[in-house]
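Reading the structure
Take a look at the letters that make up each chain.
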Amino acid sequence: MPVGNPYHPTDLRHETGPARRASRLAGTGLLTAITLAGPLLWAQPAAAQNQAESQARTSFNIPAGALSSALNRFAAQTGLYLAGAGELTQGKKSNGLTGEYTVHEGLQQLLTGSGIRFQFSGSNTVTLTQATDNAVTLAPVTVNAEGIGESAYGPVEGFTAKRSATGSKTDTPILEIPQSISVITADQVKTTGATTLKEALSYTPGVSATPWGNDSQYDWVYLRGFDAYSPGFYQDGLQLRNSGNWAVWQTENYGIERIEYLRGPSSVLYGQNSAGGLINVVSKRPTQDPIREISAQIGTDNRKQIATDLSGQADDDGKWLYRLTALKRDADLSVGDDLPNDRTYIAPSLTWRPSNDTQLTLLAEYLDMKVASNWSNFPLEGTLLSNPNGDIPASTFWGEPDFSRYNQKQWMIGYLFEHHLNDTWTLRQNARYGEFDTDYQSFYSPRFVTVNAGDPGARENFRLLDRTPFGSDESASQFTLDNQVEAHWRSGRWQHTLLLGLDYQRSDFDVTAYWGGAVDPIDVFNPVYGSPVTLTASPFIDANTVLKQTGFYLQDQIKFDEHWVLALGGRFDRAVIENDDQLTNSNDKQSDEHFSGRAGLVYLVGNGLAPYISYSESFSPTATINPATGNPFDPETGRQYEMGMRYQPPGASSTYSIAAFDLVRQNYVTYDTGFAPRNTGEVTVRGIELEAVAEVLPNTNLKAAYSWTPEADVTDSANPSEIGKRSFNYAEHQFSLWSDYTFGFGLKLGAGARYTGSTYGANEEAPAKIPDYTLIDALIGYQTGPWELAVNARNLTNKEYLSNCNDAECYYGETRSVIGTVNYRW
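These notes cover the structure that comes with them. The model shown is predicted, which means the values in this text are computed figures rather than measured ones.

**Observations regarding the overall build of the protein**
Regarding its fold elements, the protein presents seven helices and 46 strands. Across the 826 residues in the protein, those meeting the buried criterion constitute 57%. Of the contacts formed within the protein by residues at least 6 apart in sequence, a portion of 69% connects residues at least 24 apart. Counting only carbon and sulfur atoms, one obtains 55% of the accessible surface of the protein, whose full area is about 31,200 Å².

Next up, the structure:
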């Protein structure tokens, strides 16, 4: 993902006519370069300024970037004439200006750290001069809840983010993005007690966070009714591609600055992708302001964890910034006894800023997880249906402690580079290389053993579980590269932010997988462990797969008259799949080329309202062979029409949104009754999603989300029996609400509820309706000085519920967890 703060499409440095004449700096042309926040500014306003005007507050939305550009825009909006030597702002940056300010406050904030002072020499004329040693030093301006200089790549104070780069690959106000997007900040992750990515997403509209129950291995989620397991998530704008096998790239919540969910097809910027959207994880990056934190946790399931987050300047000049985030956890799973859930994570990063125009950030991370594999799946009898022995407890583990495991080591290293050629052109290159090795062993297909054939309903026929051993040894390597050129210019009432990109990725997967073997049955109501397990000696998969993608994309964000924002984009991709099957000694290669587009229009009303409409597309290649041609089928595609509205009350740390969408996944492979493949599959998803993120009162956070999805049905298939049925286990109604309040003396209380409606499982295969459920979460915390204490409970009432069922088995959801955290900052 790009670093820094790219220029905003409303830059006025190429303004012509009266607006330019009113905003230019006397004696100079355009002023160049950028600044970062630094020391306090010196200023000496003159008494000549009209008092009424100086106290009037104006709403500004000037992004961080070149100081010259920021001053140009400020002058144009306020009608000021800025006089001074051009060299004063040469090579300097501004943190931008977002919120409501008086003229004095706005100038003071824009000039922070520049060493420039201002003086009113007339009612509308301001003279800029170099500060002297005896200049008056002013304290920083305290502004309203909108904050100062939010970046799409950096931290957000509280729950409300107002900028994002995931939806456009440029640092853009969310209000101007014509597609639904949700941002989960690090503050929200911490406050709600989310320890995994899927838990962090559980208060987000359009997300089913536990479609396969309380599994210990994956952050498996559904996005607008579609599986996000493959092709995988993104980290810092670069894909963590999965191959659809059993090993996947992992993420760590403690190393996350924000999580962004772009809803709906998104191939125009990212290439092959799911129709439901994408999840982009933004890593913590070095900061100029020091961060010193040590965190310790204890909790249920013998959880013990220690972590640290350290950041700041590595030299006096601030050219080198560092950050070190690390975590060590020793814990058990919430099922069984003494089953490991251990993790080691370390993520060093370093930023080098040799000049105000150039920035390079190096990011690295290492993760070692040792987890007992568990799916919490059981036969229908004892979960959804009755069992003469009673209900099967959700805490039951029916694997073998010495066999069941998901052990993975992964590491990644990459960089984010940005260079400003001038006030118009910016170059970026982002790259990453990573590897993982996974040792996965588990059991599948739990089925009751018939002990008494003479009496099919006898109790003894519903106790012993037959189990099928499974094992997979997998490794992967991945290289991703994204080159970007960004340009900003203005012509009359039109402003453009043009983005050209060329990206490439190569992922190499090796998998050797085994299905079947020998193991004794286990009594699911009184499990006794220790049975020897023998995996079959012959693998059913032994293959190397290479996935390649090269894409060229072009996007223009066009702003007209400060109210209309038109986003147009197109992308051409070439995707290659190479498969080397060791079992058949065969090699296959397929290539696909595809064009994807997106168009959207936003109208900025001016009072915080922004209605929009958009169209977007996606595609995803398939390796399935068409028996009629002997070649792979064409890629499956997705398309979405969406219309919605956002509202950001001026001066408030709040944002509200509603979106209605019509989403279709097309041409995916289905199988007829004779198991012959055809790429005629189609699923139509229609719904409405609402989200509110607000500080309704001082010291109060509110997060509410509702998803109504009345249709998520198969509309075409090679198997007629599937048509008309709900495709995935995705409830029609989902609702979540979280709120917390911090008292003046440091006490913090919070509570949340997550509701999921009833379903019949994927393809409506369940023999009975899966009941709806509501989970309750809670928080109590206290902060005093450098100490912060918190106790988080998720599923506070320890409700047992089913998250999914098919025609043979059901999956239990998460059990209760209670975690106490102590943070110390200095």
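**As for the sheet that holds strand β24 (residues 377-379)**
One open sheet accounts for three strands, arranged β24-β45-β44; its pairing is antiparallel. Two strands bound the open sheet, and with one partner strand each, they are β24 and β44 (802-805). Pairwise comparison of adjacent strand axes, ignoring direction, gives a mean angle of 30° for this sheet.

**Comments concerning a nonpolar patch on the surface**
On the surface, Tyr741, Phe743, Phe745, Leu749, Ile780, Tyr782, Trp787, Leu789, Val791 and Val822 cluster together into a nonpolar patch covering about 870 Å² of accessible area. Of all the secondary-structure elements, those providing two or more residues to the nonpolar patch are β42 (773-784) and β43 (787-794). For the nonpolar patch, the element with the highest residue contribution is β43, accounting for three residues. Counting through the fold element by element, valine 791 comes out in strand β43.

**Brief notes about unusual backbone geometry**
Among all residues save glycine, negative phi is the norm, and among peptide bonds the norm is trans. A cis amide bond links serine 230 with the next residue in sequence, proline 231, at an omega value of 15°. With respect to the element layout, proline 231 can be found in the loop between β14 (226-227) and β15 (234-235). Unlike most non-glycine residues, aspartate 561 shows phi in positive territory, near 60°. Structurally, aspartate 561 is set in the loop between β32 (541-560) and β33 (564-581). By relative accessible area, aspartate 561 is classed as partly exposed at 34%. Phi is positive for asparagine 667, close to 60°, though the residue is something other than glycine.

**Describing the nonpolar core**
Counting residues in each nonpolar core, the largest one holds 47 residues, and the members touching the most others are Tyr218, Phe226, Trp246, Trp375, Tyr406, Tyr440 and Val685. Leu465, Ile770, Leu802 and Cys810 belong to the second largest nonpolar core, which has 20 residues in total.

Rules of the game
Residues numbered from 1 in each chain as written. Predicted model: local features only at pLDDT ≥ 70, side-chain atom pairs only at ≥ 80, totals over all residues. Heavy atoms only, no water. Helix = DSSP H or I, 4+ residues; strand = E, 2+ residues; numbered from the N terminus. Buried < 20%, exposed > 50% of the residue type's maximum accessible area, 1.4 Å probe, protein only. Contact = heavy atoms within 4.5 Å. Areas by Shrake-Rupley, 256 points an atom, 1.4 Å probe, with all protein chains shown as cover. Pairing = 2+ DSSP bridges. Axes fitted to C-alpha atoms, helices over the stretch in contact; angles between N-to-C directions. Patch = residues over 30% accessible without salt bridge, like charges linked within 9 Å, V, L, I, M, F, W, Y side chains within 5 Å. Salt bridge = Lys/Arg side-chain N within 4 Å of Asp/Glu carboxyl O. Core = buried A, V, L, I, M, F, W, Y, C linked by side-chain atoms within 4.5 Å.

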